Amino acid sequence: MSNLTEVLQHWQEDPAFLSNVTCWKVVPGADGKYLDFPESLNPRLKTALQKRGIGKLYSHQAAAIEAVEQDNHTVVVTPTASGKTLCYNLPVVSSVIKNPASRALYLFPTKALSQDQVAELRELTSDLDTPLNCHTYDGDTEAGLRQGIRRSGHIVVTNPDMLHSAILPHHTKWVQLFQNLQYIVVDEMHQYRGVFGSHVANVIRRLKRICAFYGSYPRFIMCSATIANPGELAEMLIQEPVKVITENGAPQAEKHFILYNPPLVNPELGLRRSSLLEAQQIASGLIKKGIQTIIFTRSRLGVEVLLTYLRQGLKLKTGEDSGIRGYRGGYLPRERRAIEQGLREGSIKGVVSTNALELGIDIGALDACVMTGYPGSIASTWQQAGRSGRRSGSSLAMLVANSEPLNQYIVSNPDYFFGRSPERALADPDNLIILTNHLRCAAFELPFEEGELFGQTEVSELLGFLAEQDVLYENDGRYHWMEDSYPAEEISLRSATRENVVIIDISRPSPQVIGEVDRFSAPMLVHEEAIYMHAGTQYQVEKLDFAEKKAYVRRVDVNYYTDANLSVDLKILDAFEEENGPVNLAWGEVRINALVSMFKKIRFNTHENLGAGPVDLPETEMHTSAFWLSFPPGSLGAMPLSEIQAGLIGLASVIPQAAALYLMSDPRDLRAVSQVKAPFTELPTLYLYDNFPGGVGYSREIFRNYREILKSVRKVITECRCSQGCPSCIGPAFRNGENGKQSALRLLGVILK
Ligand SMILES: [Zn+2]
């Protein structure tokens, strides 16, 4: 019996452990489905694969290669460790062997993945006699190498940001690439959603436009984690029909998947035992038995705290190696490579990581994975869980929930996990601000013809507008760029507008920009004394210069986060669709005026209020899209106004959390406002708006799917064990007022009747 089987058996007989388990599912193993190499596969490549022990392909690999050969744009939807890289590497390498002029462009969302990919490609092609040049092209690429890569790189591996700001604007230096571009590989496609996805869709419009100029029409090969709408997302990103391959042919070993809810310590406040401490206890038990384990946490702080606890728990002698390591952004590449290698070889028994190890970096397969808190989406959870599981024998994946509503919902509704994914990745390439910005970049790259479509979108009016603004000038039916500046430089793919506040880390020896937030979110996220999280690291804002759009921050390690108190005035400008019935529903364009007046410090896990402070910043205004729902006269019977108000406040607090399950959004991406007598509708009204200028498609999706989303909201509330409301459902009772929980349920009853 293996050590893991022994531990599992022990747990199965332990009533104290079992009382915290809300679901223990054994996902059965499956044999692989294999097919022979396609006839068309180059014999030399076939030999190279055979030498590496690959004698056949998994069925999904063969299906993908066939779809690509038949000239389809192709999307492969497969779990972690199912050999997805061969789905694109084989067609790409084959095409280069056949025609050494052929080129391919690979897009990965992060630099670390790009480097891994290049190493893998070089290994695969090392003994082919055709020399194959494969390079990463990103901010780290040495200036001396760049020219060679532009001229003779067969495969250029980069990221969307680099494509946007460094490659497309300088397309004249990349003629060999664009003239001969046969394939574009887009990996981790599900990451391209929300604002980032809306930008990337426009970058792809520009890329295709440049390719057409040089006479190439590349095929896209895309890979995605499991989501509800991979085909829809792919077609939104490339604006052409795609072939979707979802059947996984890779063999799978049996996996025990456990959802674990730490015991309640205060039912009234919804407080549970710390997920960090529970995860630590579980993981140390596993590691002590020699079971190789990866522990995921949501933050850098979590990594360090868990690492310390785990090492202390082992009671080592001085100088003895615990065999446990931390892994996160901020570690040096050399350190990371050593950890990855130690994991593959088995010399490292345990690793505590942020989601930095969730993506494709090769660490081999471990025995067990413990997740501290819900990773934020079902797709991420499966990717993290996929880090455990060898080809044979059992493996373990365990999710240890915290007290937040989404965590509680997931552990009490396991069907969401094991059923069809409800998560739809959304984006809006026609968001007016984002579209206009990329139109400027596109016009800089090549002049626009009168009547030319951008992707599938009609843009004559926008070109006319830019000409009026003296950004473009029109001559003989063509629009030319006329400003001196270079537009891509000031447009970040990670935020909606160009008016961003840059975040400067002053705790480094030389201050460095570590990120930016749009002007509308700045008062919420980077007011003075705010704790700003970046790549799992905590920073405290020391000074916000709103006029100069600069926030100065310093690294800290604290046990709290900050929550700014936002008062919002919302005005409806236009309703796009309406539906009147027992309740009235609509979505449309709104104007938001927001003022932040104070903030609170809130302790992690317990949500305890540790103090407050004032914020002195001007009001901000943005146009975005919103969904709204109002209760017509009579629909609420004789429900007192105070209870209607309490119910609306409760729903406003819980809906953005529950909607994240369907929209793959962060709960902060969607905001709710309630008005007991709204000026526009004159009725009790609940508004939910996209928290980005111009919106990214959430409001429309809620309008279409409100029943499904609100049913989940009802489950969150009814399944919560508090009596008056708590942070795990509608927020604490003191904030909601009288009978908040019952009132929220009563309103939902009316909506879902
Ligand atoms: Zn509750």
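Below is a summary of the structure that appears in this document. (Residues numbered from 1 in each chain as written. Predicted model: local features only at pLDDT ≥ 70, side-chain atom pairs only at ≥ 80, totals over all residues. Heavy atoms only, no water.)

Below, the discussion takes up the coordination of the zinc ion. Protein coordination at the zinc ion comes from Cys720 (SG), Cys722 (SG), Cys726 (SG) and Cys729 (SG), with a distance range of 2.2 to 2.3 Å. Positions of the donor residues of the zinc ion along the chain correspond to the pattern C-x1-C-x3-C-x2-C. Grouping residues by exposure puts Cys726 and Cys729 together as buried. (Donors = N, O, S within 2.8 Å, 3.2 Å for Na, K, Ca; no water. Buried < 20%, exposed > 50% of the residue type's maximum accessible area, 1.4 Å probe, protein only.)

This brings us to the packing of aromatic side chains. The relation between two aromatic rings is expressed through the spacing of the ring centres and the mutual angle of the planes. This model, assessed by the stated rule, comprises 23 aromatic pairs. Consider the rings of Tyr416 and Tyr662, whose centres lie 6.4 Å apart with planes at 90 degrees: the pair is edge-to-face. In this pair, Tyr416 is assigned in helix α17 (residues 415-418) and Tyr662 in helix α21 (residues 641-663), connecting sequence segments 246 residues apart. Looking at Tyr662, the relative accessible area reads 3%, which means it is buried. By the ring-pair criterion, three or more aromatic residues cluster together here, those being Phe257, Trp382, Phe417 and Phe418. The ring of Tyr137 carries Arg146 above its face, with NZ or CZ at 5.1 Å from the centroid. Lying across the ring of Phe448, Arg209 places its NZ or CZ 3.8 Å from the centre. (Phe/Tyr/Trp six-rings, centres within 6.5 Å; stacked < 30°, edge-to-face > 60°. Helix = DSSP H or I, 4+ residues; strand = E, 2+ residues; numbered from the N terminus. Lys NZ or Arg CZ within 6 Å of the ring centre and 35° of its normal.)

Let's shift gears to the sheet that holds strand β22 (residues 472-475). Across the sheet, three strands lie side by side as β19-β23-β22; this open sheet has antiparallel pairing. Of all the strands in the sheet, just β19 (448-449) and β22 have a single pairing partner and so form its edges. For β22 and strand β23 (residues 478-481), the ladder comprises four bridges, and the chain directions are antiparallel. Residue pairing for β23: Leu472 is matched across the bridge by Trp481. (Pairing = 2+ DSSP bridges.)

A sheet is described by the order of its strands in space; here seven strands give the open sequence β1-β11-β18-β17-β14-β16-β15, paired in mixed fashion. Across the chains shown, the open sheet's two edge strands, defined by having one partner strand only, are β1 (21-27) and β15 (324-327). The mean inter-strand angle of the sheet, taken between neighbouring strand axes irrespective of direction, is 15 degrees. By the bridge criterion, six bridges tie β1 to strand β11 (residues 255-260) in an arrangement that is antiparallel. When the sheet's bridge partners are listed, Cys23 is paired in β11 with Leu259. Along the sheet face, helix α13 (residues 300-313) touches β14 (293-296), β15, β16 (350-353) and β17 (368-372) and points at about 175 degrees away from the line of β15. Along the sheet, helix α14 (residues 333-345) makes contact with β15 and β16, crossing β15 at roughly 135 degrees. (Axes fitted to C-alpha atoms, helices over the stretch in contact; angles between N-to-C directions. Contact = heavy atoms within 4.5 Å.)

Here we come to empty space enclosed by the protein. On inspection of all chains with the given rule, the structure shows three cavities of 30 Å³ or more. By volume, the largest cavity amounts to about 100 Å³. Around the largest cavity, the lining residues are Phe520, Ser521, Met524, Leu566, Ile592, Ala594, Thr620, Glu621, Met622, Arg671, Tyr689 and Asn691. Listed by contribution, the elements that provide at least two residues to the lining of the largest cavity are β30 (584-603) and β32 (620-630). The element contributing the most residues to the lining of the largest cavity is β32, with three residues. Here the residues of the lining of the largest cavity are counted per class, giving seven nonpolar, three polar and two charged. (1 Å grid on protein atoms, 1.4 Å probe; cavity = no way out; pocket = protein on both sides within 12 Å on 5 of 7 lines; lining within 4 Å. Points joined across faces, edges and corners; volume = space filled by probe spheres on them. Nonpolar A, V, L, I, M, F, W, Y, C, P; charged D, E, K, R; others polar.)

Buried within helix α19 (residues 460-468) are the following residues: Leu462, Leu463, Leu466 and Ala467. In a view along the axis of α19, the buried residues occupy a sector of 145 degrees, so they form one face of it. Exposed side chains of α19 directed beyond 90 degrees from the buried face belong to Glu461 and Glu468. On its buried face, α19 sits against α18 (432-445), β19, β22 and β23. Immediately beyond the C-terminal end of α19, within one or two residues, lies Asp470, with a positive phi of roughly 65 degrees. (Arc of directions from axis to C-beta.)

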